[in-house]
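Below, each chain spelled out in residue letters.
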Amino acid sequence: MAGSNEVNLNESRSVVPLNTWVLISNFKLAYNLLRRADGTFNRELAEFLDRKVPSNSIPVHGVWSFDHIDQRTPGLFYRLYLQDSHQRRCAGATVIPDMDKPLSTTDIVPVIIFFHGGSFSHSSANSAIYDTFCRRLVNVSNSVVVSVNYRRSPEHRFPCAYEDGWTALEWVRSRKWLRSGRSESESESKVYVYMAGDSSGGNIVHHVAVRAAEEGIEVLGNILLHPLFGGEKRTESEIRLDGKYFVKLQDRDWYWRAFLPEGEDRDHPACNPFGPRGRSLKGLSSFPKTLVCVAGLDLLQDWQLAYANSLRSFSHHVNLLYLKDATIGFYFLPNNDHFSSLMDQINNFVNPNC
Amino acid sequence: MDELLAVVGYKVRSSDMAEVAQKLEQLEEAMGNARDGISQLSNDTVHFNPADISNWLETMINNLDRAFEDSSSSDYDLKAIAGKAIYTTAARVKPSPAESSSSTRPLVLVDSQENGIRLVHTLMACAEAVHQNNLSLAEALVKQIGFLAVSQVGAMRKVATYFAEALARRIYGLYPENPIHHSFSDMLQIHFYETCPYLKFAHFTANQAILEAFQGKNRVHVIDFSMNQGMQWPALMQALALRPGGPPAFRLTGIGPPAADNSDHLQEVGWKLAQLAETIHVEFEYRGFVANSLADLDASMLELRPSETEAVAVNSVFELHKLLARPGAVEKVLSVVRQIRPEIVTVVEQEANHNGPGFLDRFTESLHYYSTMFDSLEGSVNSQDKVMSEVYLGKQICNVVACEGVDRVERHETLGQWRTRFGSAGFTPVHLGSNAFKQASMLLALFAGGDGYRVEENNGCLMLGWHTRPLIATSAWQLATKSVVAH
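The rules behind the values
- Residues numbered from 1 in each chain as written.
- Chains lettered and ligands numbered in written order.
- Predicted model: local features only at pLDDT ≥ 70, side-chain atom pairs only at ≥ 80, totals over all residues.
- Heavy atoms only, no water.
- Helix = DSSP H or I, 4+ residues; strand = E, 2+ residues; numbered from the N terminus.
- Buried < 20%, exposed > 50% of the residue type's maximum accessible area, 1.4 Å probe, protein only.
- Contact = heavy atoms within 4.5 Å.
- Areas by Shrake-Rupley, 256 points an atom, 1.4 Å probe, with all protein chains shown as cover.
- Rg over C-alpha atoms; globule rule 2.2 N^0.38 Å.
- Salt bridge = Lys/Arg side-chain N within 4 Å of Asp/Glu carboxyl O.
- pLDDT = per-residue confidence, 0-100.
- Pairing = 2+ DSSP bridges.
- Right-handed = clockwise from strand over helix to strand, strands pointing away.
- Expected span 1.5 Å × (residues − 1).
- Disulfide = S-S within 2.5 Å.
- UniProt positions renumbered as here; feature names shortened; annotations may be inferred.
- Buried area = accessible area lost by both parts, 1.4 Å probe.
- Polar contact = N/O pair within 3.5 Å; in protein donor to acceptor, adjacent residues only side chain to side chain.
- Phe/Tyr/Trp six-rings, centres within 6.5 Å; stacked < 30°, edge-to-face > 60°.
- Lys NZ or Arg CZ within 6 Å of the ring centre and 35° of its normal.
- Axes fitted to C-alpha atoms, helices over the stretch in contact; angles between N-to-C directions.
- Parallel < 35°, antiparallel > 145°, perpendicular 65-115°, else oblique.
- Left-handed = near helix turned anticlockwise from the far one by under 90°.
- Nonpolar A, V, L, I, M, F, W, Y, C, P; charged D, E, K, R; others polar.

A. Focus on the overall build of chain B. Within chain B one finds 16 helices and 10 strands. Within chain B, the fraction of its 487 residues that count as buried is 58%. Here the contacts in chain B between residues at least 6 apart in sequence split such that 78% fall between residues at least 24 apart. As displayed, chain B offers around 19,600 Å² of accessible surface, 51% of which is attributable to carbon and sulfur atoms.

Dropping the structure here:
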């Protein structure tokens, strides 16, 4: 037993930089402490351990942020990240948002609604790892990022996270000051909305996008970064990579049990949107183009690749970025080529005319 | 320090990275081997300072080693001491010398405030005009603020009104002349205590640290720099009374400014606490000390007893920042604290930098801070308490914006800045742990009037904030020569 553990640990150590290995292993360890066998979650310890950062209206590397609290839904807030140029600068270092003007009257500024990962249970929009990621995303793509602090399981199961995603989409679309682009009249300008998410965030993006397409709400593109999908069947990659690169299959199962309605199995369409209980998206013409990024050492890759294939089969546009030697979480630290590949792809995806 | 990890909240020296990786592997294996290892680490272990990964792992490895010896339960009781304290050894990671948060200015808006943004712009423009000494423009803008404020609702209107008044005072040179009568401000503070959990949190977390520092001591002495109405002490006394093995003898020295009417209010407070002590059978001794400033104190005045017989805690809630109005005062007080040789020093301060050299930055920072503060009061149930709390905070706003020099006493500084001061003065941190965090969170859950309060852990300190904005911070300190690993 101990022998095989050693082999596993050494394998993951050889494919990522040491500080990345420490970071992700540290999370893995903390997460192991938080999940209880009876399905409950040690939320107080989770909040104690999570490294959080406040918003900052003083630009750092050209990016400033502020939080908008939705008082109708407990815990729901959005953290907005903007570049220096999107501001009403006041004397001194600080910025106050100007809600009377659009972001730009000449250029298109993509607004990316971002859903953080954490398997529906962990992290927050103000977690340091995600605050840092969103800031980098802004600079790489010259966009505005709206990071959504959706309600988490097991306290708030399906469909709470999707509802919060929908609330966020409606809020973003209705902000006049998030509009951009050249337009003749105010009624023509619009918010250029994209959605992005990693892990459970990617799953949320898909489901919110389906609803948007059904209701005729325009989303220009989806970015799914090793999204969380699954099913009852065990795929080849799940069996082959179980426990090898930071992730165990039984842990994945725990998170689905915590998120899905009680008594449900992993073929529930939230988990398996194109499975036996799923539905076809053929004919849903306003479903956005999708960028799917798959990490080659992620045990869920068979589900993610199947997802991309299904979308193609429904005649939807898919860009697939397959990063052969990447593990989950490769994008938390910008110390590897996978990170730059991903950022390039995202930039091209949301700025197609540049 | 590894920069990439630092940005995401973890402090690991690059040279230690391999060792930390090894500890992670070691702990994973130990967890696999220990029976109920995970459950023990999750439920029983008190965690400290997760940012320092190396020490965090070390604590857990040690805990698992002791798994079979030590089976004391730690049922959390809001009143009693929770479990055993484990102090980490004097931090292997020194606090970085220039750690200040002067470059962080959190901004939190609620739904109603999007309309209020114009008001904020006007306030800023007015402050700018004042800063540039363009008083006629400033005057016009102050009047405009008055008109705009009326059309607002809730917190925004009140905050704008207080800031406008403070700006007007500055424009017209009407600096508040009479210092606030202490009995009035005490009364305001009592309402503030009832309306919102900030003071309760401050007292609770400070008391938790004091309790843990007093473990095993038979005679204890608390020196309170912020005596006021003594609201912090009944809870501590009750916790001491419930201590397994019986309470220690408890001595309290309460320090405060003179009362306006020359009454001996400190003695009255002491008398009430003595009555409480009698009912709960705690041996109690009290001395009230009147001082215009903490800097007037010398250790010799405090009748200290030999440290072998009496353990001392020094407590300061929202008092230390006032010393920053006079050069040298805080340094003097900290050196007196060193002479006291306390087991622990507990400090609670506002989490904001309202002491910067530039008026405009101070104005903006305080505008953001008090907007969030007032927002958090909006959900209060009792309207009289709420109004009094707003007056209490309004006086702080006036002081920050309209006063200068020795009159400007609300010189709040951030946790990062206080860390630097305490470090330079010869103190090292005593970390507040997951038990205090959990209990503070539970206390908040019981508190009616708003579920936006959040407790956050910050490198061994605890902060209470409204949604994503920390507003007050509790830290604890010991003398640098003392590093204890308690079992």
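B. A look at the overall build of chain A. Within chain A, the regular secondary structure consists of 10 helices and 10 strands. A compact globule built from 354 residues should have a C-alpha radius of gyration of about 20 Å, and chain A, at 20 Å, falls within 12% of that. Counting only C-alpha atoms and orienting by the principal axes, one finds that chain A spans roughly 65 × 50 × 40 Å. Counting every position in chain A, which comprises 354 residues, the buried fraction comes to 64%. Across chain A, the fraction of contacts at a sequence separation of at least 24, relative to all contacts at a separation of at least 6, is 74%. Counting every atom, chain A has about 12,900 Å² of accessible surface; 48% of that belongs to carbon and sulfur.

C. How the structure looks around the pattern of salt bridges. Scanning the entire structure with this criterion turns up 48 salt bridges over all chains. Two residues, E25(B) and R13(A), come together in a salt bridge whose shortest N-O distance is 3.1 Å. Taken as a pair, E25(B) in helix 2 (residues 17-33) and R13(A) in helix 1 (residues 2-15) lie in two separate chains rather than in one. With a shortest N-O distance of 3.2 Å, E28(B) and K28(A) are connected by a salt bridge. With E28(B) in helix 2 and K28(A) in helix 2 (residues 18-34), the pair connects residues from two separate chains. A relative accessible area of 19% places K28(A) in the buried class. Residues joined in a network through salt bridges with shared partners are E47(A), D50(A), K52(A) and R152(A).

D. Examining the confidence of the model for chain A more closely. The share of residues in chain A with pLDDT of 70 or more is 94%, and the mean pLDDT across the chain is 93. Here residues 1-7 of chain A scores under 50 on pLDDT; set against residues more than four positions off or in separate chains, the count is 1 contact.

E. Region of the structure containing the pairing of strand 4 (residues 284-290) of chain B. All names here are of chain B. Relative to strand 4, strand 3 (residues 249-256) runs parallel, the two sharing 7 bridges. Bridge pairing in strand 4 places F250 opposite F284. In terms of handedness, the path from strand 3 via helix 11 (residues 265-279) over to strand 4 forms a crossover that is right-handed.

F. Up close: helix 6 (residues 200-214) of chain A. All names here are of chain A. For helix 6, which comprises 15 residues, the first-to-last C-alpha distance of 22 Å matches the rise-based estimate of 21 Å (1.5 Å per residue) to within 8%. Counting buried positions along helix 6 gives 13 out of 15 residues, so the element sits mostly inside the fold. G216 sits one or two residues past helix 6 and shows a positive phi near 75 degrees.

G. How the structure looks around the state of the cysteines. Throughout the structure, instances matching the rule amount to 0 disulfides over all chains. In this model C271(A) remains outside any disulfide bridge; the closest cysteine sulfur is found in C160(A), 17 Å from its own.

H. Representation of the UniProt feature "active site" (unreviewed entry) in chain A. Here the UniProt-annotated "active site" (unreviewed entry) positions come out as S199(A). In contact with S199(A), not counting residues within four places along its chain, are G117(A), G118(A), S119(A), L225(A), H226(A), P227(A) and L228(A).

I. View of the interface of chain A and chain B. At the junction of the two partners, chain A supplies 64 residues and chain B supplies 64 residues. Interface of chain A and chain B: buried area, both sides summed, is about 5,500 Å²; carbon and sulfur atoms make up 64% of it. In this assembly, chain A and chain B are joined by 4 salt bridges. Joining chain A to chain B, the criterion identifies 15 residue pairs in polar contact (both at pLDDT 80 or more).

J. Fine view of the pairing of strand 1 (residues 63-69) of chain A. For strand 1 of chain A, a buried count of 7 out of 7 residues is recorded, marking the element as mostly surrounded by other parts of the structure. Sheet analysis places strand 1 of chain A next to strand 2 (residues 77-83) of chain A, joined by 7 bridges and oriented antiparallel. Looking across to strand 2 of chain A, one finds that V63(A) is bridged to Q83(A). Pairing of strand 1 of chain A with strand 1 (residues 108-110) of chain B, which is carried by 3 bridges, proceeds in the parallel orientation. By the bridge assignment for strand 1 of chain B, H68(A) is matched with L109(B).

K. Broad picture of the packing of aromatic side chains. Applying the stated criterion across every chain yields a total of 39 aromatic pairs over all chains. Judged by centre distance (3.7 Å) and plane angle (10 degrees), the rings of F120(A) and F259(A) are stacked. Within this pair, whereas F120(A) is found in the loop between strand 5 (110-115) and helix 4 (128-141), its partner F259(A) is found in helix 8 (residues 249-259), the two being separated by 139 residues in sequence. The pair formed by F120(A) and F259(A) is uniform in burial state, with each residue classed as buried. We classify F259(A) as buried; its relative accessible area is 0%. Members of the aromatic cluster, joined through ring pairs, are F27(A), Y31(A), F114(A), Y130(A), F133(A), F330(A), Y331(A), F332(A) and Y10(B). One Lys or Arg, K233(A), reaches over the ring of W303(A) and ends 5.8 Å from the middle of that ring.

L. Focus on the environment of I38(B). All names here are of chain B. Note on placement: I38 falls in helix 3 (residues 37-44). Classification of I38 by relative accessible area gives partly exposed; the value is 33%. Spatially, the C-alpha atom of I38 lies 9.3 Å from that of L64, the residues being 26 residues apart in sequence.

M. Fine view of the packing of helix 2 of chain A against helix 4 (residues 53-65) of chain B. Helix 4 of chain B packs onto helix 2 of chain A with a crossing angle of 40 degrees between their chain directions and a minimal axis gap of 12 Å. Our classification of the angle between helix 2 of chain A and helix 4 of chain B gives oblique. Read as a crossing pair, helix 2 of chain A and helix 4 of chain B show a hand that is left-handed. Contacts between helix 2 of chain A and helix 4 of chain B pair V22(A), N26(A), L29(A), A30(A) and L33(A) from the former with I53(B), W56(B), L57(B) and M60(B) from the latter. Each residue belonging to the contact of helix 2 of chain A with helix 4 of chain B can be placed in one class, and the counts come to 8 nonpolar, 1 polar and no charged.

N. Examining the sheet that holds strand 2 of chain A more closely. Taking strand neighbours across the sheet as the criterion, the 9 strands line up as 10(A)-9(A)-8(A)-7(A)-5(A)-6(A)-2(A)-1(A)-1(B) in an open arrangement whose pairing is mixed. Across the chains shown, the open sheet's two edge strands, defined by having one partner strand only, are strand 10 (318-323) of chain A together with strand 1 of chain B. Within the sheet, the average angular offset between the axes of one strand and its neighbour, ignoring direction, is 20 degrees. Pairing of strand 8 (residues 221-225) of chain A with strand 9 (residues 289-295) of chain A involves 5 bridges; the strand directions are parallel.

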